[in-house]
Amino acid sequence: MAIIEEENLVAAAAGVEQLVRDLQRTVRSGITKTEKWRIQQLKALLKLIVENQDSLVQAVFTDLGKPAHQVVFTELLILATSCKLAIKELKQWMAPKEVPVPPMALPGIAFVVPEPLGVALVIAPWNFPISLGVDPLIGAISAGCAAVLKPSEITPTVSSILADLLPKYLDTDAIRVVEGGIPITTALLAQKWDKIFYTGNDTVGRIVMAAAAKHLTPVTLELGGKSPVYIDDSVDLKVSARRICQGKWSFSDGQACIAPDYLLVQENIVPKLVETLKETIVEFFGEDPSTCAELGRIVNANHFRRLTRLLDDPRTAEKIVLGGERNEQSLFIAPTIVLDVPLDVPVMLDEIFGPILPIITVKGVDEAINIILDLPKPLALYVFSTNKAVQERFVTETSAGAVGINETVLHVAVLGLPFGGVGESGMGAYHGKHSFDAFSHYKGVYHKSMEADADGTFPPYTSARNNLLRSFLTEDLEEI
Ligand code: NAD
């Protein structure tokens, strides 16, 4: 059962129930726990990506108008790197790790043993429609789980190609794709899963968490938020502008969860930075960005209208210093900069998730940090400064999913870093070994030797035995 049609929801719900039962049976058989199965599946997934790169690129272009190099860079390359790392490191990730045993538990040995959580549900969004579905699957497979992937209905071509390709390469007894919109996702969420991994907006994140709570299912929630950028006068503005423009407009036209949302700029460099950003936008996307094939388009009319409403708010509209042009027919909105809007206009309250960039003038670090602390904790926070004390203040005095220093977005490619939010930007993390962890339970195993026990730890608790127990209290004190 690769596809469930929405017309028949009762049948769909029954189908979903049966699907979960089938996957539970597969997990119980033990096949997904074996290293051999995991490696086979990871290699097959890698093969799928390499062999079908052209049709995958074409599918994303059909749904989102993204140019080929963007899809290769931000989706296929990330997936291939994740697969290769997992294949290389899996043995080590799976290996039980010995931990020290305290004197009162001797003689014995103790291990931490990773075990697969079981049957997982992965719900993906539309903005990087291949990688945000398949990357969590790499974690699920590495950890030895069975999984259902539910791609976003907003990118139907990608959803359909994943539903077509995955069964051709992967073990369908363990890995399935279910397509559909809200009714199907609702039917899926009603089931008892061993793990739910959701990527998308925080409103649905709350629905997912409420559904998971019914079964005490653990969740990873990869959400969004307003990712700020602080820039001071210590940096090279041209270099900074190029990195900001790339992160804001080159990957999905601002429709990326870690795209810079707004800039906080030290007052003495604001005019120069605005000029440099304008020059860089022309350098990257030409004098008329509406004809530029490098820029993607807004995903659909709903999001187009949401973004134009943000721009047309009168207190925002009067602050446009670049862009603002739009075409609903082609779902195009020009790279747009608004300068010094009040902090209570919609564009400064909600995640923008589009090509609009507000710039807010600040006196310095204190004011910038206060603005950031007044908003929900972001998924990413960027600092452009060569001053180590400034960098350090942002790292220690703010809370964010990740901090990028003198960069935007690229930290996502560093697989050693956990990728995930904090507070309203999400909970849990993945990428590299963290993906394995997200789908694993770390089980403690303590193995007591059958050698005779030390009498002192057993009843009756005579004063001699009490003294022995108390001696453990002061043991090693001088080494601490
Ligand atoms: P979306 O509309 O495609 O929704 C995501 C998933 O939720 C889809 O599979 C959809 O079927 C499901 N869904 C939608 N409404 C539902 C409902 N009422 N009940 C159950 N399921 C439902 O994608 P989106 O939410 O528009 O994605 C954009 C958001 O995702 C932004 O906020 C962005 O910051 C965030 N995001 C986060 C990350 C990350 O890694 N942290 C990555 C990408 C996007």
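Residues numbered from 1 in each chain as written. Predicted model: local features only at pLDDT ≥ 70, side-chain atom pairs only at ≥ 80, totals over all residues. Heavy atoms only, no water.

The chain goes by Aldehyde dehydrogenase in an unreviewed UniProt entry, where it is assigned to Sphagnum troendelagicum. The annotation that UniProt attaches to the chain under Sequence similarities (unreviewed entry) is "Belongs to the aldehyde dehydrogenase family." (UniProt positions renumbered as here; feature names shortened; annotations may be inferred.)

Okay, the sheet that holds strand S1 (residues 97-99) next. Ordered in space as S1-S2-S18, the three strands form an open sheet in which the pairing is antiparallel. One side of each edge strand has no neighbouring strand; the edge strands of this open sheet are S1 and strand S18 (440-448). Strand-to-strand twist in this sheet, taken as the mean axis angle between neighbours without regard to direction, amounts to 30 degrees. Examined bridge by bridge, S1 and strand S2 (residues 108-116) share three bridges and lie antiparallel to one another. Bridge pairing in S2 links Val99 to Ala110. (Pairing = 2+ DSSP bridges. Helix = DSSP H or I, 4+ residues; strand = E, 2+ residues; numbered from the N terminus. Axes fitted to C-alpha atoms, helices over the stretch in contact; angles between N-to-C directions.)

Okay, helix H5 (residues 131-143) next. Taking 1.5 Å as the rise per residue, H5 with 13 residues should run 18 Å; its terminal C-alpha atoms sit 18 Å apart, in good agreement. Of all 13 residues in H5, 13 are buried, a share of seventy percent or more. Once H5 finishes, Gly144 follows within two positions and takes phi at roughly 90 degrees, a positive value. (Expected span 1.5 Å × (residues − 1). Buried < 20%, exposed > 50% of the residue type's maximum accessible area, 1.4 Å probe, protein only.)

What follows is about the sheet that holds strand S7 (residues 219-222). Backbone hydrogen bonds hold the strands of a sheet together, and the pairing may be parallel or antiparallel. Taken together, six strands build an open sheet; the order of strands is S5-S4-S3-S6-S7-S17 and the sheet is mixed. The outermost strands of the open sheet, each flanked by one partner alone, are strand S5 (175-177) and strand S17 (426-427). Bridging between S7 and S17 involves two bridges; their strand directions are antiparallel. Bridging across to S17, Leu221 finds its partner in Met427.

A separate point is the nonpolar core. By size, the foremost hydrophobic cluster in this structure holds 116 residues, and its most contacted members are Ile130, Ile231 and Leu263. Ranked by residues supplied to this core, first place goes to helix H4 (residues 68-94) with nine residues. In this view, Ile231 contacts Leu237, Ile244, Leu263, Leu264, Val265, Gln266, Ile269, Leu273 and Phe384; residues no more than four positions away in its chain are not counted. (Core = buried A, V, L, I, M, F, W, Y, C linked by side-chain atoms within 4.5 Å. Contact = heavy atoms within 4.5 Å.)

The next thing to look at is helix H9 (residues 237-250). For H9, spanning 14 residues, the distance from its first C-alpha to its last is 18 Å, which sits close to the expected 20 Å at 1.5 Å a residue. Within the sequence span of H9, burial applies to Leu237, Ser240, Ala241, Ile244, Cys245, Gly247, Lys248, Trp249 and Ser250. Sitting at the amino-terminal end of H9 is Asp236, which places a side-chain oxygen 2.9 Å from the backbone nitrogen of Lys238. Just downstream of H9 lies Ser252, where phi reads positive at about 75 degrees. (Polar contact = N/O pair within 3.5 Å; in protein donor to acceptor, adjacent residues only side chain to side chain.)

The next subject is a nonpolar patch on the surface. A contiguous nonpolar surface patch, about 270 Å² in accessible area, is contributed by Phe73, Leu77 and Leu410. Following the sequence through the fold, Leu77 ends up in helix H4. Given the relative accessible area of 47%, Leu77 is considered partly exposed. (Patch = residues over 30% accessible without salt bridge, like charges linked within 9 Å, V, L, I, M, F, W, Y side chains within 5 Å. Areas by Shrake-Rupley, 256 points an atom, 1.4 Å probe, with all protein chains shown as cover. Salt bridge = Lys/Arg side-chain N within 4 Å of Asp/Glu carboxyl O.)

What follows deals with the site of the ligand. As a matter of local geometry, the ligand sits amid 28 residues, with Ser152, Glu153, Asn201, Leu223 and Glu351 nearest to it. A distance of 2.6 Å separates an oxygen atom of the ligand from a polar side-chain atom of Ser152. At a separation of 2.6 Å, an oxygen atom of the ligand approaches a polar side-chain atom of Glu351. Listed by contribution, the elements that provide at least two residues to the shell around the ligand are helix H7 (182-189), strand S6 (195-199) and helix H8 (202-214). Counting residues per element, the shell around the ligand draws most heavily on H7, which supplies three residues. Here the residues of the shell around the ligand sort into 17 nonpolar, seven polar and four charged. Both domain 1 (2-223 + 430-441) and domain 2 (228-420) contribute no fewer than three residues apiece to the shell around the ligand. (Near = heavy atom within 4 Å. Nonpolar A, V, L, I, M, F, W, Y, C, P; charged D, E, K, R; others polar. Domains from an automatic or database assignment.)

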